Amino acid sequence: MEVEKVLHMNAGLGRSSYAHNSLLQRAVLMNVKQVREESIKELCCTILPDDCLIMADLGCSSGPNALSMVSEVIDIIDGTCRNLHRPAPKLKVFLNDLFGNDFNAIFKLLPDFYKRLEEEKGTDIGQCLISATPRSFYGELFPSNFLHFVHSSYSIHFLSKVPNGLVNEKNGEPLNKGNIYIAKTSPPEVWKAYYAQYKTDFTLFLRSRSKEIVHGGRMMLTFLGSIKSDDPDNVYEYIGMILNNMALEGLIEERKLDMFNLPYYAPTAEEVRMLIDEAGLFSINKLETFTVDWDVGCHGGNGMKLESRAKFVADTMRAVAEPLLASEFGEAIMDELFLRFKDMVMGLLATKKMKYFNIVVSMTRK
């Protein structure tokens, strides 16, 4: 699997697009608003530049969420500078994602964004400059000592590649048969392979950002995590179960399923803290965990009919996972796959609260 080519959210503005199905991600952004506000305020009170504050949003994806976050940052900077009796600097924002990301879905929103900004702030386009930087964030993206603030939400849990070591070297048999991620039936070697890849990727991420962020600059990351990374009770385990059934019915090739593994890892808070401490490049200001319901952001919440809530969950997952899954199993089965997933979610929501486990960490560049 060439991750850089196939890892992206569903493009466009259609019914199954990420732009149309990212209310979960918006709810998570709102959940950590206080942490983001604290990070920006502390930055403004310590190393606020006179002319231009430069920030990057890594793994920005497509649709309105990226610009809503930028708008929030502008409000925080504006309010903090007024309290400090200082003029607010210009803001330069670099939106980053992989090459397959639908940046145009963001750019098409910019005219209205700039118009609203001018109406609310009396600010012309020159005061907030937004551009794209397509490339993997596992490696350097910007010049040294360039960025003041780095933000990333719901992206760092994706790996740069599918881990090595998931196939038996002696007989070529897959170790994670019938699963697409770490599951309860996965042998210990599968978790070890996934953690090794996560450690490599996250350490590289920290080293790359430490070169790009000025001393005293801030970085805030929000991502999916686990209470137990070797038994994560993850949503992808349920999708794997459905794919298993479809393989038994001959709808997909069993060998393809057995060889397929997601480039994804949901770490524990302890793993994250340990790797940050080992790298020694950032000091942790705050590291917290929180949960959100699978159907958070669903208009009407628990008052909605069960089927509508389940469809919301299925549509949200389809917008995220379809490009990866379709690259391996084909577009033809996607409707059936996510219809079955919706039915499975109905059963799950009827009996218990299903939650995503999240980690947010705020750091300062040493």
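Below, the structure is looked at part by part. (Residues numbered from 1 in each chain as written. Predicted model: local features only at pLDDT ≥ 70, side-chain atom pairs only at ≥ 80, totals over all residues. Heavy atoms only, no water.)

Here we take up the nonpolar core. Residues Tyr 236 and Phe 341 are the most contacted members of the largest nonpolar core, which totals 124 residues. Counting residues per element, this core draws most heavily on helix α11 (residues 306–329), which supplies twelve residues. In this view, Tyr 236 contacts Phe 158, Ile 180, Tyr 181, Leu 262, Tyr 264, Met 317, Val 320 and Ala 321; residues no more than four positions away in its chain are not counted. (Core = buried A, V, L, I, M, F, W, Y, C linked by side-chain atoms within 4.5 Å. Buried < 20%, exposed > 50% of the residue type's maximum accessible area, 1.4 Å probe, protein only. Helix = DSSP H or I, 4+ residues; strand = E, 2+ residues; numbered from the N terminus. Contact = heavy atoms within 4.5 Å.)

The two faces of the sheet receive side chains in turn, since in a regular strand these alternate between them. A large share of strand β2 (residues 90–97) lies buried, amounting to seven of its eight residues. Judged from the seven bridges that link them, strand β1 (residues 52–58) and β2 form a sheet pairing that is parallel. Along β2, the bridge assignment pairs Leu 58 with Asn 96. Running through helix α4 (residues 65–83), the crossover from β1 to the neighbouring parallel element β2 is right-handed. Inspection of the sheet shows β2 paired to strand β3 (residues 128–134) by seven bridges, in the parallel sense. (Pairing = 2+ DSSP bridges. Right-handed = clockwise from strand over helix to strand, strands pointing away.)

Attention shifts here to the packing of α11 against helix α12 (residues 334–351). With their axes 8 Å apart at the nearest point, α11 and α12 run at an angle of 140 degrees to one another. Between α11 and α12, the angle is such that the two are oblique. Our pair here, α11 against α12, has a crossing hand that is right-handed. Residues Leu 306, Glu 307, Arg 309, Ala 310, Lys 311, Val 313, Ala 314, Met 317, Arg 318, Glu 322, Leu 325 and Ala 326 of α11 lie in contact with α12, whose contacting residues are Met 334, Asp 335, Leu 337, Phe 338, Phe 341, Lys 342, Val 345, Met 346, Leu 349 and Ala 350. The residue inventory of the contact of α11 with α12, partitioned by class, reads 15 nonpolar, no polar and seven charged. (Axes fitted to C-alpha atoms, helices over the stretch in contact; angles between N-to-C directions. Parallel < 35°, antiparallel > 145°, perpendicular 65-115°, else oblique. Left-handed = near helix turned anticlockwise from the far one by under 90°. Nonpolar A, V, L, I, M, F, W, Y, C, P; charged D, E, K, R; others polar.)

This part is about the sheet that holds strand β7 (residues 355–365). Hydrogen bonds between backbone atoms are what pair the strands of a sheet, whose relative direction is either parallel or antiparallel. Strand order in the open sheet made by the seven strands is β3-β2-β1-β4-β5-β7-β6, with mixed pairing throughout. Single-partner strands in this sheet number two, and they are β3 and β6 (282–293). Strand-to-strand twist across the sheet, computed as the mean angle between neighbouring axes with direction ignored, equals 15 degrees. Pairing of strand β5 (residues 213–224) with β7, which is carried by seven bridges, proceeds in the antiparallel orientation. Bridging across to β7, Thr 222 finds its partner in Val 360.

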